[in-house]
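# Survey of secondary and tertiary structure
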Amino acid sequence: MLQEHAKVVQFISLADGVTGRKKLQKMVYIAKKMNFPFQEKYQLHFYGPYSEELTLRIEELCEMGFLAENSEDKGSYVQYSYSVTGEGRDFIGDAEEVPDKLGECIGRMKERSSRFLELVSTLLYFDHLPREEQIAKVHIVKNKLNFTDAEMDEAFSFIGELAGCIRQ
Amino acid sequence: MMDYAIQKLSEEKVFKDPVHRYIHVRDQVIWDLIATREFQRLRRIHQLGTTYLVFHGAEHSRFNHSLGVYEIVRRIIDDSFSGRPQWNDSERLVTLCAALLHDLGHGPFSHAFEKVFDLDHEQFTQRILLGDTDVNAVLSRVSEDFPRKVADVIGKTYPDKLVVSLISSQIDADRMDYLQRDAYFTGVSYGHFDMERILRVMRPSEEQAVIKQSGMHAVEDYIMSRYQMYWQVYFHPVSRSAEVILVKILQRAKVLSEEGYRFKQEPVHFKSFFDKTFDLKDYIALDEYILMTYFETWILEDDEILSDLCDRFVNRRLFQYIDFNPAKEYRKLGELEGLFRKAGIDPEYYLVVDSSSDLPYDFYRPGEEEERLPIHLLMRDGELRELSRESDIVDAISGKRRTDHKLYFPEDMLTEGKKKKMLRQQILSILNT
């Protein structure tokens, strides 16, 4: 019963709320790449991997009253944040159990900036390629963000940490 | 020997086409690509999946559409861009090849197949371009790195973003062809717009193709056409009913295979998809003719669910539907699932919520958190302006998503079933039919 919707509510519940649409998109993508069972299809967009299906699901969950969306005017842009409502908590009461280690992975991702998660998710999008080619691809598709070598190293080490945390 | 990349046919070849009148081919590479087995396979994949069960004319294939996209891109390059300083003519061949081959990786009944087996046609297009295929052999004759270049355009990682935008953006050759072609073959009066005008006013710029300000009204018409086609054709509830059944057939066959069920007609073509061991050859070997052959033979299977679902699909006995509001009715769905089980009807296969959603046009302004590259108008002073800032019509629908949810079920099973009649009546009254 609306299991895929329930998974998204569980995700935001485990994160104790997420600030930023982009950040939420990247966090779910990274979790999916870490083999957590999210079904949303992703494609490469402006900010890296992006799922239209996830956007839609979040809009539906807000309409259903299971998620609350708050917007904050940041001057040059609007930032959105999402949290689980009381009805949302009831809704996931009957849902399937949360996969082991998902909470820990979410916690690690939440601490990071959306720029960093954009880099990590874009590297993961090209994870079928050797490391040097992954980096080259990121420089092509993100040519305006000027990621440094240090950021690349940090992103790879973060991916390793997440994978290690799941293996434990 | 003449360089294969610039080799021309001794005489121009033309394909008669109902949308563009003629599709012109002068390049030897394009001619050779059309003849490959992977491109010819597209003749056996409907452009609109199950829509032919609603609009009987919609029998056109991905082959027709791919030629159409190629022709539009050829005209943009040769008639509008050629000779302009922002256009690099050395990108002509890679752009034409990407246009022609952009849909190569579609599987049979694309979306249903991708959903069940968690596949991505774009990735398969790239794999066909780069793998041991006839297409790769043709592209490799241009140069060793040419298949990779074409794959990068499809994957949106090609350095020249203008090239990518011709194949994939909010106003690209792909959409311009499918709107007109789908309108023609379905017979609807929506979907038409003045493409000639758009092509005349399209100009190359650093990151994308832009439209001269004087072409704004033609672009408004294009966006409204897209909006109407989505709701009148692409999201038609009856065609979605057929797609729901198709998904359930594939899921049932997969479950049966995993449970060790002995099929009368062994699903040899699917085995490697069921156990996720498939390779490129397995993927290319599948088309809609093969799927339909299985569906026809599976009607005779002992498994009642598989047999029934296949019979429904082949003989167009589709599911009935009602509007469904997940926000208000998700508890009702849980109740119905329980009642279906009690009535001996498996809700996993016979009670399905399907959602469709479309965003006709979206825009991005620097700093905002959105993901789409907008359509830009080229103003008389050379400035670029985002379309919705200039057009009231586009502004009215920008960023506005429309969503539709339906609940699908086999009404005939509920009205005609002889067992547990009271229970079935109860279900029908909840469904309000």
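What counts and how
Residues numbered from 1 in each chain as written. Chains lettered and ligands numbered in written order. Predicted model: local features only at pLDDT ≥ 70, side-chain atom pairs only at ≥ 80, totals over all residues. UniProt positions renumbered as here; feature names shortened; annotations may be inferred. Helix = DSSP H or I, 4+ residues; strand = E, 2+ residues; numbered from the N terminus. Contact = placed C-beta atoms within 7 Å. Nonpolar A, V, L, I, M, F, W, Y, C, P; charged D, E, K, R; others polar. Domains from an automatic or database assignment. Pairing = 2+ DSSP bridges. Core = buried A, V, L, I, M, F, W, Y, C linked by C-beta atoms within 7 Å. Buried ≥ 20, exposed ≤ 12 C-beta atoms within 10 Å, placed from the backbone. Axes fitted to C-alpha atoms, helices over the stretch in contact; angles between N-to-C directions. Left-handed = near helix turned anticlockwise from the far one by under 90°. Parallel < 35°, antiparallel > 145°, perpendicular 65-115°, else oblique.

## As for the UniProt feature "domain: HD" (unreviewed entry) in chain B
UniProt tags residues 62-179 of chain B as "domain: HD" (unreviewed entry). Helix and strand shares over residues 62-179 of chain B are 68% and 0% respectively, and the end C-alpha atoms of the span are 13 Å apart.

## Details of the interface of chain B and chain A
When the parts of a complex come together, some accessible area is lost, and that lost area is often taken as the interface size. Contacts between chain B and chain A engage 21 residues on the former and 23 residues on the latter. Broken down by element, the side of chain B that touches chain A gets its largest block of residues, 6 residues, from helix H18 (residues 326-342) of chain B. Broken down by class, the residue content of the side of chain B that touches chain A amounts to 7 nonpolar, 6 polar and 8 charged.

## Details of the domain arrangement of chain B
On domain assignment, one finds that chain B holds domain 1 (4-234), domain 2 (241-316) and domain 3 (319-360 + 401-433). Once you take the C-alpha centre of each, domain 1 of chain B and domain 3 of chain B turn out to be 39 Å apart.

## Digging into the sheet that holds strand S4 (residues 67-73) of chain A
Residue and element names in this part refer to chain A. The antiparallel open sheet is built from 3 strands, whose spatial order is S1-S5-S4. What marks the edges here is a single partner per strand, and that holds for strand S1 (18-19) and S4. Bridge count for S4 against strand S5 (residues 78-84) is 7 bridges, and the pairing is antiparallel. Bridge pairing in S5 places serine 71 opposite tyrosine 80.

## A look at the nonpolar core
The biggest cluster of nonpolar side chains holds 69 residues, and the ones touching the most others in it are Leu33, Val73, Cys97 and Val150 of chain B. Look past the residues within four positions of valine 73 of chain B in its chain and what remains in contact with it is Thr95, Leu96, Ala99, Leu166 and Ala173 of chain B. Of all hydrophobic cores here, the second largest spans 42 residues; its members include Tyr47, Leu102, Met109 and Val138 of chain A.

## Some words on the sheet that holds strand S8 (residues 384-386) of chain B
Residue and element names in this part refer to chain B. The mixed open sheet is built from 4 strands, whose spatial order is S3-S4-S7-S8. In this open sheet, the two strands that pair with only one neighbour each are strand S3 (202-204) and S8. Strand-to-strand twist across the sheet, computed as the mean angle between neighbouring axes with direction ignored, equals 45 degrees. Where strand S7 (residues 376-378) lies against S8, 3 bridges are found, and the strand directions are antiparallel. Across the sheet, leucine 378 pairs through a bridge with leucine 384, a residue of S8.

## What to know about the packing of helix H5 (residues 110-117) of chain B against helix H13 (residues 237-258) of chain B
All names here are of chain B. H13 packs onto H5 with a crossing angle of 35 degrees between their chain directions and a minimal axis gap of 9 Å. The chirality of how H5 crosses H13 is right-handed. Between H5 and H13, the contacting residues are His111, Ala112, Phe113, Lys115 and Val116 on the first element and Glu243, Leu246, Val247, Leu250, Gln251 and Lys254 on the second. In terms of residue class, the contact of H5 with H13 is made up of 6 nonpolar, 2 polar and 3 charged.

## A look at the packing of helix H6 (residues 114-125) of chain A against helix H8 (residues 149-167) of chain A
Residues and elements named next belong to chain A. The N-to-C vectors of H6 and H8 enclose an angle of 70 degrees; their axes lie 10 Å apart at closest approach. With respect to their mutual orientation, H6 and H8 come out roughly perpendicular. As H6 runs across H8, the sense of the crossing is right-handed. Of H8, the residues touching H6 (which contributes Phe116, Leu119, Val120, Leu123 and Leu124) are Glu151, Ala155, Phe158 and Ile159. Taken together, the residues of the contact of H6 with H8 sort by class into 8 nonpolar, no polar and 1 charged.

## Regarding the pairing of strand S4 (residues 209-212) of chain B
Here S3 of chain B pairs with S4 of chain B via 3 bridges, running antiparallel. Looking at the pairing, proline 204 of chain B lines up with alanine 209 of chain B of S4 of chain B.

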